Amino acid sequence: MRVRGFGSSMEIICMISISEIIQFRMEKTWEVSETQVKDFLDEAIQLVSECGEIIADAMNKQKNVEIHQKDAVASEGHGSAVLTETDMKVEQHFIKGMKEKFSDHEFIGEESVSNDGLIKDFTNAPTWIIDPIDGTMNFIHSNPLVCTSVGLTINKKLVAGVVNCPMVGLMYTAIKGKGAWVNGKKLKTSGVNDISKAMMIMELPVGANLEKKKTALANLTEMLDKAHAVRAPGPAALDISWVGAGAADCFFHFGIHCWDMAAGALIVSEAGGVVLDPSGGEFDLMSRDILVCSSRQLADQVLGFLRSYKTDRDLKEKYIYL
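Before going into details, it helps to say that this report is about the structure given with it. (Residues numbered from 1 in each chain as written. Predicted model: local features only at pLDDT ≥ 70, side-chain atom pairs only at ≥ 80, totals over all residues. Heavy atoms only, no water.)

**Concerning helix α2 (residues 34–60)**
Compared with the 39 Å implied by 1.5 Å per residue over 27 residues, the 38 Å span of α2 between its first and last C-alpha is a close match. Two residues or fewer past α2, Gln62 is found with a positive phi of approximately 60°. (Helix = DSSP H or I, 4+ residues; strand = E, 2+ residues; numbered from the N terminus. Expected span 1.5 Å × (residues − 1).)

In structure tokens:
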């Protein structure tokens, strides 16, 4: 909006397009029951299990070769830029299956919808945010720590999520306000509140730009002096879920995407953990940053030394997601 003064009067010239005004006024709030959310998640779990079979088959047959580099995110590191045929096959299988059951649902997928690094649209409609293979670099090297991550937003709020790791037989799930589980067992964070007793997880940005590597090394140096243990196993969705399961105590990442953390953020939150922006502010799904901890006390200790690396947002608009 631009304001132009004329003496004692003012002329207000609105720079918002008519289509944007119509969209703002017309977008409805979705009314969805708890039973419906559970039905949505049950269907997603079935499809994600089938996706796990596709992943396992590809790994067992060594059909896990890199076929493409995503240039839009190449400076973020090798792990962010690789793509395989199986990534696309898994994403297409999930989207096709969900569309057949719920034709009014929408999708933000790492490979198909967002292959240029940009999210074109995000509405109040039930929206599945999908990473078909999180840990593609592990997948390429036949490392079993790979997973499919799927988070569901309604009215731009995270309401359900599933992270499935088919090669190690772990499926993490969560529903807003109902809790989080792994293979049906209720999850709770470790509750560790002292960094000297904490297992810390981070990403090592191999192949990234110099500034990102310097930031990672500075944070790693701090943790080598302060933490009980430091690990960098990947993939991010599994790293986050481990904090919810009490198998790790803290994870942070700069340059992550919404599809990497949508499900995991809800899992940690529902397991009693802390989910924040690494600045210490509220978690922002589209900011491409995340800090998850087993307790608020641990989060405050990490925030005391954590050095940030800023990236462009996935989406310019900001909402409260949890």
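**Notes on the pairing of strand β14 (residues 250–254)**
The element β14 is extensively covered by neighbouring structure, given that five of its five residues are classed as buried. Of the two faces of β14, both are covered, the one formed by Cys250, Phe252 and Phe254 as well as the one formed by Phe251 and His253. As paired strands, strand β12 (residues 199–201) and β14 are joined by two bridges and run parallel to one another. What sits directly across from Ile201, in β14, is Phe251. Note: β14 against strand β16 (residues 289–293), five bridges, orientation antiparallel. The residue bridging Cys250 from the neighbouring strand is Cys293, located in β16. (Buried < 20%, exposed > 50% of the residue type's maximum accessible area, 1.4 Å probe, protein only. Pairing = 2+ DSSP bridges.)

**Quick word on the sheet that holds β12**
Spatial strand order, β13-β12-β14-β16-β15: five strands in an open sheet with mixed pairing. If you trace the sheet from one side to the other, it starts and ends with β13 (229–231) and β15 (274–276), each paired once. Across this sheet, the average inter-strand angle for adjacent strands is 15°, counted without regard to direction. Contacting β12, β14, β15 and β16, helix α9 (residues 296–303) runs over the sheet at an angle of about 135° to β16. (Axes fitted to C-alpha atoms, helices over the stretch in contact; angles between N-to-C directions. Contact = heavy atoms within 4.5 Å.)

**Here's the deal with the pattern of salt bridges**
Tallying each qualifying case throughout the model produces nine salt bridges. Notably, a salt bridge pairs Glu100 with Lys96, separated by 2.8 Å at the nearest N-O pair. Placement of the pair is Glu100 and Lys96 together in helix α4 (residues 85–101), with a separation of four residues, close to one helical turn. The class of Glu100 is exposed, set by a relative accessible area of 60%. A relative accessible area of 53% places Lys96 in the exposed class. Here Asp300 ties to Arg296 by a salt bridge, and the two come within 3.0 Å at their closest N and O atoms. (Salt bridge = Lys/Arg side-chain N within 4 Å of Asp/Glu carboxyl O.)

**Brief notes about the sheet that holds strand β6 (residues 127–134)**
Sheet architecture is open: seven strands sit in the order β5-β6-β7-β8-β9-β10-β11, paired in mixed fashion. Looking at the sheet topology across the chains shown, the edges are occupied by β5 (106–109) and β11 (185–186). Bridge analysis of β6 against strand β7 (residues 147–154) gives six bridges, and the strand direction is antiparallel. Residue pairing in the sheet places Trp128 in a bridge with Leu152 of β7. Lying over the sheet, α4 contacts β5, β6 and β7, oriented at roughly 150° with respect to β6.

**With respect to the packing of α2 against α4**
Look at α2 against α4: their axes get within 10 Å of each other, and the N-to-C directions meet at 155°. If you check the angle between α2 and α4, you find them roughly antiparallel. Crossing of α2 over α4 shows right-handed handedness. Contact residues: Phe40, Glu43, Ala44, Leu47, Val48, Glu50, Cys51, Ile54, Ile55 and Ala58 in α2; Thr86, Lys89, Val90, His93, Phe94, Gly97, Met98 and Lys101 in α4. Split by residue class, the contact of α2 with α4 holds eleven nonpolar, three polar and four charged. (Parallel < 35°, antiparallel > 145°, perpendicular 65-115°, else oblique. Left-handed = near helix turned anticlockwise from the far one by under 90°. Nonpolar A, V, L, I, M, F, W, Y, C, P; charged D, E, K, R; others polar.)

**Some remarks on unusual backbone geometry**
Excluding glycine, residues mostly have negative phi values, and the peptide bonds linking residues are mostly trans. Pro235 follows Gly234 through a cis peptide bond whose omega is -5°. With respect to the helices and strands, Pro235 occurs in the loop between β13 and α7 (236–245). Backbone geometry places Lys156, a non-glycine residue, at a positive phi of 65°. Inspection of the secondary structure puts Lys156 in the loop between β7 and β8 (157–165). Owing to a relative accessible area of 6%, Lys156 belongs among the buried residues under this scheme. Here Arg288, not a glycine, exhibits a phi torsion of approximately 75°, which is positive. Locating Arg288 in the fold gives a position in the loop between β15 and β16. Accessibility expressed as a relative area gives 6% for Arg288, which makes it buried.

**Overview of the packing of α7 against helix α8 (residues 258–270)**
Packing of α7 against α8 brings their axes to within 8 Å, and their N-to-C directions diverge by 0°. When the axis of α7 is compared with that of α8, the two are roughly parallel. Residue-level contacts link Ala236, Ala237, Ile240, Ser241, Val243 and Gly244 of α7 to Asp260, Met261, Gly264, Ala265, Ile267 and Val268 of α8. Grouping the constituent residues of the contact of α7 with α8 by class yields eight nonpolar, three polar and one charged.

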